[in-house]
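Now for the letters of each chain:
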Amino acid sequence: MDYTGLLHHLVEGMKGPEPEQAGRYLIRFNQPRHYEACLLELSRMRSKFSDLRAVRSSRLARSIIANVGCPEELNRYGADITVEEDHSISLHATALHNKPTSVQGVPWGVKQIRAPKVWSVSTGHRIKIGVIDTGADYQHPDLRYSLARGINLLNRSLLPHDDNGHGTHIAGTIAAANSTAGMIGVAPRSLIYPVKAFDHNGSAYVSDIVLGIDWCVRNRVDIINMSFGMKTRSKALLDVVNRAYHAGIVIVASSGNDGKRRSIDYPARYPQTISVGATDKNRRIASFSNRGAYVDVYAPGDKIVSSWVQGKHHEMSGTSMATSHVSGAIALLLAKHPGLSPSEIKALVKRATVPLRARKTTAAKTKVRGGEIDALRLMQEGEA
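Residues numbered from 1 in each chain as written. Predicted model: local features only at pLDDT ≥ 70, side-chain atom pairs only at ≥ 80, totals over all residues. Heavy atoms only, no water.

## A word on the nonpolar core
Of all hydrophobic cores here, the largest spans 51 residues; its most connected members are I223, V326, I330 and I373. The dominant element in this core, judged by the number of residues it contributes, is helix α7 (residues 319-336), at 9 residues. Excluding residues that lie within four positions of it along the chain, I373 makes contacts with I113, V297, Y298, A299, V326, A329, V349, A352, T353 and L378. Of all hydrophobic cores here, the second largest spans 45 residues; its members include A148, A204, V221 and Y270. (Core = buried A, V, L, I, M, F, W, Y, C linked by side-chain atoms within 4.5 Å. Buried < 20%, exposed > 50% of the residue type's maximum accessible area, 1.4 Å probe, protein only. Helix = DSSP H or I, 4+ residues; strand = E, 2+ residues; numbered from the N terminus. Contact = heavy atoms within 4.5 Å.)

What follows is the structure, given as structure tokens:
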């Protein structure tokens, strides 16, 4: 493979301030040797030119993330590389009630999936959960014993501190362990590895997610929680999700908040993930939640109170919140049955549900497809 033209485009995109005409692209190499050789050459060139910005890369996905001025000119490399735009990706929370709220003990969603009924058998002890999100509040009393170091992909010299709140909310539902003055999550003795890929506005790119999954695989987490999504396909994202799946990691992803019946967001749409929709206190599908054949399981996601930044608590709604309940339930199962594969766990999750209720506007004879996760049934199915 002749790298001359490819390296020229990459170096031009890396020079000085970001050119207005340059866009962010993921360049995925189909051959590992081509990827390694190109990365080596780029590092050599970077040592020669002090004005070059750093290029990011994912070894797992064999991808280089860089600014490219004329991506169409890279088409001549044909089957050797795949070039795709680095799309933005959004968190799956729909509503935040600005007034801080209080919670003590077990929130309604944790009770509804019957997690407390499992705690005499499993609390998720030492199960490693990578939460790719906005980070976590390391000072929060609910999470004092629940957080590992993780990684800050936006600034690798810093801890993944949460400057948004969404990641702390997810972490709280999964693993909060403050029975005296705060709340208890689904799997209070599991360990959250915050992977900060989203900034303070809750914004990220596909490349950030690719790097986050890459880090989770290399650090051998058991579960990845992904409470976000996008409408467009990404070959680079699919590739790294597939590699994580084959590494034995359970990937739980939110379906999206568009109220659609026949479509869900990526990466939840990939079959390697467990896709999650949201329910309310009455076990009805929340109005905002995507639903239908692509959704594997539902969980509480409407008006969920959980941990928040600065030691507070907030109420949020979204399939984001539902996903954290499912990740916690799987952690309870894995702590008791660590040998289960991702495909086995997905099958158990889909079986271990309670029926959903039809909304009042739905005809009485209409059967609602799918079910809500039940942690106790999940454990019982695992024992069978």
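Having seen it, we continue.
## A look at the sheet that holds strand β10 (residues 203-205)
Strand order in the open sheet formed by 3 strands is β10-β5-β12, and the pairing between neighbours is antiparallel. Where the open sheet ends on each side, the last strands, each with one partner, are β10 and β12 (228-229). Where strand β5 (residues 88-91) meets β12, 2 bridges bridge the pair, whose relative direction is antiparallel. Each bridged residue has a counterpart across the sheet, and for L91 the counterpart in β12 is F228. Sitting on the sheet, helix α5 (residues 206-218) touches β5, β10 and β12, and the angle it makes with β10 is about 75 degrees. (Pairing = 2+ DSSP bridges. Axes fitted to C-alpha atoms, helices over the stretch in contact; angles between N-to-C directions.)

## Focus: the packing of aromatic side chains
This structure, assessed with the given rule, holds 4 aromatic pairs. Look at Y193 and W215: their rings are 6.3 Å apart centre to centre, the planes differ by 45 degrees, and that puts the pair in the tilted class. On the criterion of sequence distance, the pair formed by Y193 in strand β9 (residues 191-196) and W215 in helix α5 is long-range, its members being 22 residues apart. The same class applies to Y193 as to W215, namely buried. Over the ring of Y205 we find R24; its NZ or CZ atom is 3.8 Å from the centre of that ring. When the ring centre of Y294 is taken as reference, the NZ or CZ atom of R269 above it lies at 4.2 Å. (Phe/Tyr/Trp six-rings, centres within 6.5 Å; stacked < 30°, edge-to-face > 60°. Lys NZ or Arg CZ within 6 Å of the ring centre and 35° of its normal.)

## A closer look at the side chain of E84
Relative to the assigned elements, E84 resides in strand β4 (residues 81-85). The side chain of E84 is buried and forms no salt bridge, while R28, the nearest opposite charge, is found at 5.1 Å. A polar contact of 2.6 Å, which involves the side chain of E84, links it to the side chain of S234. Each residue touching E84, except ones within four places of it in the same chain, is listed here: Y25, L26, S234, K235 and A236. (Lys, Arg positive; Asp, Glu negative; His and termini not counted. Salt bridge = Lys/Arg side-chain N within 4 Å of Asp/Glu carboxyl O. Polar contact = N/O pair within 3.5 Å; in protein donor to acceptor, adjacent residues only side chain to side chain.)

## What about the UniProt feature "active site" (unreviewed entry) in the protein chain?
UniProt records the feature "active site" (unreviewed entry) at D133, H166 and S320, using the numbering of this structure. In terms of the greatest pairwise C-alpha distance, the residues named above, spread along 188 residues, form a tight cluster of at most 10.2 Å across. Here D133 is to be found in strand β7 (residues 128-133). A relative accessible area of 0% means that D133 is categorised as buried. Note that H166 resides in helix α4 (residues 166-175). Contacts of H166, omitting those with residues within four sequence positions, involve L91, H92, A93, D133, T134, S227, W308, M316, S320 and M321. Side chain to side chain, H166 and D133 meet in a polar contact 2.7 Å long. (UniProt positions renumbered as here; feature names shortened; annotations may be inferred.)

## Observations concerning the sheet that holds strand β3 (residues 63-68)
Spatially, 4 strands are ordered β2-β3-β1-β4 in an open sheet, and the strand pairing comes out antiparallel. Looking along the sheet, the strands with just one partner apiece sit at the ends: β2 (56-58) and β4. Recorded for the sheet is a direction-independent mean angle of 30 degrees between the axes of neighbouring strands. Here strand β1 (residues 23-29) runs beside β3; their pairing, made up of 6 bridges, is antiparallel. Paired with Y25 across the strands is A66, a residue of β3. In the packing of α5 onto the sheet, contacts are made with β1, β2 and β3, and the angle to β2 comes to roughly 50 degrees. Strands in contact with helix α6 (residues 235-246) are β1, β3 and β4; relative to β1, the strand with the most contacts, it is inclined by about 45 degrees.

## Quick notes on the packing of α7 against helix α9 (residues 375-383)
Taken N-terminus to C-terminus, the directions of α7 and α9 make an angle of 30 degrees; their axes are 9 Å apart at the nearest point. One element, α7, and the other, α9, form an angle in the roughly parallel class. Crossing angle aside, the handedness with which α7 passes α9 is right-handed. Each of A329, I330, L332, L333 and K336 in α7 lies in contact with α9, whose residues at this interface are A375, L378, M379, G382 and E383. (Parallel < 35°, antiparallel > 145°, perpendicular 65-115°, else oblique. Left-handed = near helix turned anticlockwise from the far one by under 90°.)

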